[in-house]
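Topology and contacts: notes
Now for the letters of each chain:
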Amino acid sequence: MEKKIIYGNDNFGYALIDTSEETPEFSAPVLMPGMKSSTIEVEENSTKIHADNTTFAIITGEKVRTCEATVTYIPESYYTNCLGYKANTNGMLTDTGTKKPHCFFFTTNELNAVTGEETQTLHYVYDVTAKEPNLETSTVEDEIEAADLVISYESKRSDFVKDTDGKLVGYARITRTEENKAWFDTFKTKVLLPTDVVSGG
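Quick look at the structure, then. (Residues numbered from 1 in each chain as written. Predicted model: local features only at pLDDT ≥ 70, side-chain atom pairs only at ≥ 80, totals over all residues. Heavy atoms only, no water.)

**Considerations on a negative patch on the surface**
- Together, Glu141, Asp142, Glu143 and Glu145 line one region of the surface with negative charge.
- Looking at where Glu141 falls in the secondary structure, it is placed in the loop between strand E9 (118-131) and strand E10 (149-155). (Patch = residues over 30% accessible without salt bridge, like charges linked within 9 Å, V, L, I, M, F, W, Y side chains within 5 Å. Areas by Shrake-Rupley, 256 points an atom, 1.4 Å probe, with all protein chains shown as cover. Salt bridge = Lys/Arg side-chain N within 4 Å of Asp/Glu carboxyl O. Lys, Arg positive; Asp, Glu negative; His and termini not counted. Charge placed at Lys NZ, Arg CZ, Asp CG, Glu CD. Helix = DSSP H or I, 4+ residues; strand = E, 2+ residues; numbered from the N terminus.)

Okay, here's the thing in structure tokens:
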């Protein structure tokens, strides 16, 4: 029996969805240091159909994911690329831009409590729109306390990312292994897809 502990988060980043061509694709990933925590909440509604004095069928609805990432800092490029801000010629940011759909990703660690082996798992949410975080600050007392910035995301199934059966994908995860590490380790330079061919470690 496997006994694993999931902990930590790292390598938080995003990649814009480029729709300038007929077939959309992801731009190069951008890493955002300073991630403190993440939440991916899944809702899946079902409908019961009653007939013959019993439950005749249960129809399972679409999975809907709402996500949050808590960070200590958001760079200007994320405000202008993803949060609907415009960079004016004098350097001032104004909330008059356009939000752009993108994917976001991060890694978690897994510890095998029996063997002590540690692995890394990469998580993708392939099509999200980000909501600007609230800004809460406080006066400086004995110690400086960093503000927590919570980015909320609305997600949907991608319009172009598919699995090997041709089904559209909203979320995916992959754990680093000896066999796939050469491919896995490229996630900082390109978005990994379910249909990528893995050549080996």
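**Details of the packing of aromatic side chains**
- Going through the model one piece at a time under the given rule, you end up with eleven aromatic pairs.
- Considering the side-chain rings of Tyr79 and Tyr85, the 5.2 Å spacing of their centres and the 75° angle between planes classify their relative orientation as edge-to-face.
- The interplanar angle of 15° and the centroid separation of 6.2 Å between the aromatic rings of Phe104 and Phe106 together place this pair among those described as stacked.
- Residue classification places Phe104 among the buried residues on the basis of a relative accessible area of 1%.
- Of the residues examined, Phe106 reaches a relative accessible area of 4% and is grouped as buried. (Phe/Tyr/Trp six-rings, centres within 6.5 Å; stacked < 30°, edge-to-face > 60°. Buried < 20%, exposed > 50% of the residue type's maximum accessible area, 1.4 Å probe, protein only.)

**Brief notes about the nonpolar core**
- Phe12, Ile74, Tyr78, Phe104 and Tyr153 are the most contacted members of the largest nonpolar core, which totals 22 residues.
- For this core, the secondary structure elements donating two or more residues are strand E1 (4-18), strand E5 (54-71), helix H1 (76-82), strand E8 (102-112), E9 and E10.
- Beyond its immediate chain neighbours, meaning those up to four positions away, Tyr153 contacts Phe12, Thr66, Cys67, Glu68, Ala69, Tyr78, His102, Phe104, Val128, Thr129 and Ala130. (Core = buried A, V, L, I, M, F, W, Y, C linked by side-chain atoms within 4.5 Å. Contact = heavy atoms within 4.5 Å.)

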